[in-house]
Amino acid sequence: MDKLVKAVTKDGYFRIYAADTREIVNTAQRYHKLSPVCCAALGRLMTAGVMMGAMLKGDKPSLTLQMKGDGPLGMMVSVSDSEGNVKGYCANPRVDIPLNSKGKLAVGSAVGSGVLGVIKDLKMREPYIGQVPIQTGEVGDDIAYYFMQSEQTPSVVALGVLVDTDYSVKGAGGFIIQVMPECDDEALTMLENSIGGIMTLTEMFERGMTPEEVIKYVMLGFDVEILETTDIGYNCDCSKERMERAIISLGKEQITEILNDTGEAEICCHFCDRKYTFGDAELRRFIDLAK
Ligand SMILES: [Zn+2]
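Predicted model, so just to flag it, every value in this text is computed and none were measured.

Chemist: Would you mind going over the domain arrangement of the protein chain in detail, with residue names and values included?
Modeler: Its domain assignment divides the protein chain into domain 1 (2–234) and domain 2 (240–289). A straight line from the C-alpha centre of domain 1 to that of domain 2 covers 35 Å. Opposite the four residues of domain 1 that make contact, domain 2 presents four residues. The element contributing the most residues to the side of domain 1 that touches domain 2 is strand E5 (residues 85–90), with three residues. Considered class by class, the residues forming the side of domain 1 that touches domain 2 number two nonpolar, one polar and one charged.

So this is what it looks like as structure tokens:
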């Protein structure tokens, strides 16, 4: 089972989240048959999503991250909540592009330039919607930029996915360190120095480090208190009722057209590939219910 760990430094200067998302990203890979570059891109976004979901407060809040770039991968979406559930998809999951100049999966080029949207639905009033221009498309940089621009919270964001030659996920996860307003310059310099010399996420995956070990390692020299460890997983909450509502929202005219054309409608869930089929009688019922 994948894990998410929340921690703080005892001086209250930093808040830290770390997650192991290997099974989550592997599940996404299986559902969507992701190419390695799409797997890395979506895996990073979902890793950020599950950690950012854990930052939400309220009654069943949800967080949607949407990256709309002009690269070949198309739009990429992650939906998560505060209880460790996450799901995601990307528009063109099988896109393959050459490795970048460093010999790594070219996530930034696959995403392209565009906008990163963050929607927080706290189930009270209107959802909060934030939007920032995509910086590099490497996802981690873009999330850090969002935190700085929209939430005025300087953050270190590290996200990584290590894809094996057979396309399975060898390692996935990351961490977010947030600088609290009361943090002083000395502590900040100390963090910068310690972060500057750390090993890469890939090396951490290869050593099999747990999220707790990652936190203790990246916050070396700080007095860290682990607050909570949560199980996290890829879970889709789609249902027949939800799909019915989606069809009904198409309107009388369009449902009539579907009924006349094929006599049935098949909808496939974007997130988990489950198929829902509605026959003649159901479509007629929807026409009655639709506007
Ligand atoms: Zn689903």
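Chemist: Lay out the pairing of strand E3 (residues 62–69) with the relevant residues and their values.
Modeler: Because side chains alternate across E3, one face comprises the buried residues Leu63, Leu65, Met67 and Gly69, and the other comprises Ser62, Thr64, Gln66 and Lys68, none of which is buried. Direction of pairing for E3 relative to strand E4 (residues 76–81): antiparallel, over a ladder of six bridges. From the neighbouring strand, serine 62 faces E4, where its bridge partner is aspartate 81. Counting the residues that bridge the hairpin from E3 to E4 gives six residues, and of these glycine 74 lies at a positive phi of roughly 80 degrees. Alignment of E3 against strand E6 (residues 114–121), held across eight bridges, turns out to be antiparallel. Paired with leucine 63 across the strands is lysine 120, a residue of E6.

Chemist: Could you give an account of the packing of helix H9 (residues 252–261) against helix H10 (residues 280–289), naming the residues involved and the relevant values?
Modeler: The N-to-C vectors of H9 and H10 enclose an angle of 165 degrees; their axes lie 9 Å apart at closest approach. Comparing the axis directions of H9 and H10 gives the class roughly antiparallel. Viewed along their axes, H9 and H10 form a crossing whose handedness is left-handed. Residues Lys252, Ile255, Thr256, Ile258 and Leu259 of H9 form the contact with H10, whose participating residues are Asp280, Leu283, Arg284, Phe286 and Ile287.

Rules used throughout
Residues numbered from 1 in each chain as written. Predicted model: local features only at pLDDT ≥ 70, side-chain atom pairs only at ≥ 80, totals over all residues. Domains from an automatic or database assignment. Contact = placed C-beta atoms within 7 Å. Helix = DSSP H or I, 4+ residues; strand = E, 2+ residues; numbered from the N terminus. Nonpolar A, V, L, I, M, F, W, Y, C, P; charged D, E, K, R; others polar. Buried ≥ 20, exposed ≤ 12 C-beta atoms within 10 Å, placed from the backbone. Pairing = 2+ DSSP bridges. Axes fitted to C-alpha atoms, helices over the stretch in contact; angles between N-to-C directions. Parallel < 35°, antiparallel > 145°, perpendicular 65-115°, else oblique. Left-handed = near helix turned anticlockwise from the far one by under 90°.

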